[in-house]
Amino acid sequence: MTSKLEQLKQFTTVVADTGDLDAIARLQPVDATTNPSLLLKAAALPRYADLLGQAVSAGQGDLGRACDHFAVAVGQEILKVIPGRISTEVDARLSFDTDATLRRAERLIGLYEKAGIGRERVLIKIASTWEGIRAAEQLEKAGVQTNLTLLFTFAQAQACADAGIFLISPFVGRIYDWYKKAEGRDFAGSEDPGVQSVKRIYDYYKANAYDTVVMGASFRNVGQIEALAGCDRLTISPELLQKLAEDDGQLSRQLAPGANGEPRQSLNESAFRWALNEDAMATEKLAEGIRLFARDQEKLEALLAAKA
């Protein structure tokens, strides 16, 4: 029997949620994703020490620019060991500024292209705020494909699909965390609120022939991954990828096109904001996620400043 990881790869594109090159090379995902938290971890690895120094020099005193240079440098290294794409994230502190998000995204793509890497190998990650979705919509029209992250509720998924977004990353584990704390009990399999959220989005997209790719993210255990086998893509930490690689049990496909999905519904800005406001979990987790990424961005800037 082949491992559960190999079985999963038969009907889901597996993505590594890490900046650890050794783990990526060992587990052989198709794509990889990074974010400020993962870049901060990568910055502590000895193999990236020279890249940190180069980023400081390239930033020319601008810490935001230095962070972008470091993110792209890490992305370049990852692209050497994967056949697919790297997701690189825009500064979370710009999550409510459409124009600033656009400018930062264009800078990231420009740095990749200057390094000889075509935009077809890069996804720009942006938080799924109303302003972020609008920026991503413009980028998609300009030929820059995006990955909308920090996605916790159906309204965000609806808005992303209508904006023509290439890929969304609904956060399974953080939804699970919120409900586990709120209700004081654990969840498993199809009862997991995070799993249910992704399945609802997946069925809605397939039923309404949206091209937007669904990539489940932020997993807490292999059970969540197994319950979403068949999702377009899943981005998984090296620790959970390793557990799947070491398990020779049977893995069955759980998601597939053809299931019943809700009718298409488009949201304007006020409807989007109201739906988000009505979902306490999504409101809290979106705000928390942006804050956490912003703090790690600031820590990365401080690390770069110390090397200046």
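The rules we used
- Residues numbered from 1 in each chain as written.
- Predicted model: local features only at pLDDT ≥ 70, side-chain atom pairs only at ≥ 80, totals over all residues.
- Heavy atoms only, no water.
- UniProt positions renumbered as here; feature names shortened; annotations may be inferred.
- Helix = DSSP H or I, 4+ residues; strand = E, 2+ residues; numbered from the N terminus.
- Buried < 20%, exposed > 50% of the residue type's maximum accessible area, 1.4 Å probe, protein only.
- Contact = heavy atoms within 4.5 Å.
- Polar contact = N/O pair within 3.5 Å; in protein donor to acceptor, adjacent residues only side chain to side chain.
- Phe/Tyr/Trp six-rings, centres within 6.5 Å; stacked < 30°, edge-to-face > 60°.
- Expected span 1.5 Å × (residues − 1).
- 1 Å grid on protein atoms, 1.4 Å probe; cavity = no way out; pocket = protein on both sides within 12 Å on 5 of 7 lines; lining within 4 Å.
- Points joined across faces, edges and corners; volume = space filled by probe spheres on them.
- Nonpolar A, V, L, I, M, F, W, Y, C, P; charged D, E, K, R; others polar.

Notes on the UniProt feature "active site" (unreviewed entry) in the protein chain
According to UniProt, the "active site" (unreviewed entry) feature falls on K125. Structurally, K125 is set in strand β4 (residues 122-127). You can call K125 buried: its relative accessible area is 5%. Beyond its immediate sequence surroundings of up to four residues, K125 is in contact with T33, T34, N35, S87, T88, E89, V90, N147 and T149. Within the structure, the side chain of K125 is placed 3.2 Å from the backbone oxygen of T34, a separation counted as a polar contact.

Points about the packing of aromatic side chains
In this structure the tally under the stated criterion is eight aromatic pairs. Here the aromatic rings of F152 and F171 are separated by 5.5 Å at their centres, their planes lie at 70°, and the arrangement is edge-to-face. In this pair, F152 is assigned in the loop between β5 (146-151) and α8 (154-162) and F171 in the loop between β6 (167-170) and α9 (172-183), connecting sequence segments 19 residues apart. Each member of the pair, F152 as well as F171, carries the same accessibility label: buried. An aromatic cluster of at least three residues, connected via ring pairs, comprises F154, Y204, Y205 and Y210.

Points about helix α7 (residues 130-141)
An ideal rise of 1.5 Å per residue puts 16 Å on twelve residues; α7 measures up with 17 Å between its terminal C-alpha atoms. Of all twelve residues in α7, nine are buried, a share of seventy percent or more. Every buried residue of α7 is accounted for by W130, E131, G132, I133, A135, A136, E137, L139 and E140. Where the residues of α7 are buried, they touch α6 (98-114), β4, β5, α8 and α13 (269-278).

Let's talk about unusual backbone geometry
Note: most peptide bonds trans; most residues except glycine with negative phi. Residues other than glycine seldom take positive phi values, yet Q60 does so here, at roughly 50°. For Q60, the position within the fold is in the loop between α4 (49-59) and α5 (63-79).

Points about α6
Since there are 3.6 residues in each turn of an α-helix, residues three or four apart along the chain are aligned in direction. With 17 residues, α6 ought to run about 24 Å at 1.5 Å a step, and its terminal C-alpha atoms sit 24 Å apart, in line with that. Those residues of α6 lying buried are T98, A100, T101, L102, R104, A105, L108, I109, L111 and Y112. Contacts made by the buried residues of α6 are with α5, β3 (86-89), β4 and α7. The residue sitting at the N-terminus of α6 and contributing the capping side-chain oxygen is D97; that oxygen lies 3.2 Å from the backbone nitrogen of D99.

So, the layout of surface pockets
Of the pockets and cavities examined, the largest pocket occupies roughly 610 Å³. What lines the largest pocket is a set of 31 residues, among which D17, N35, L38, K41 and S237 lie closest to the centre. Elements that contribute at least two residues to the lining of the largest pocket include exactly α3 (36-43), β5, β8 (233-236), α12 (238-245) and α14 (280-306). Among the elements that take part in the lining of the largest pocket, α3 stands out by supplying four residues, more than any other. Taken together, the residues that form the lining of the largest pocket break down as 13 nonpolar, eleven polar and seven charged.

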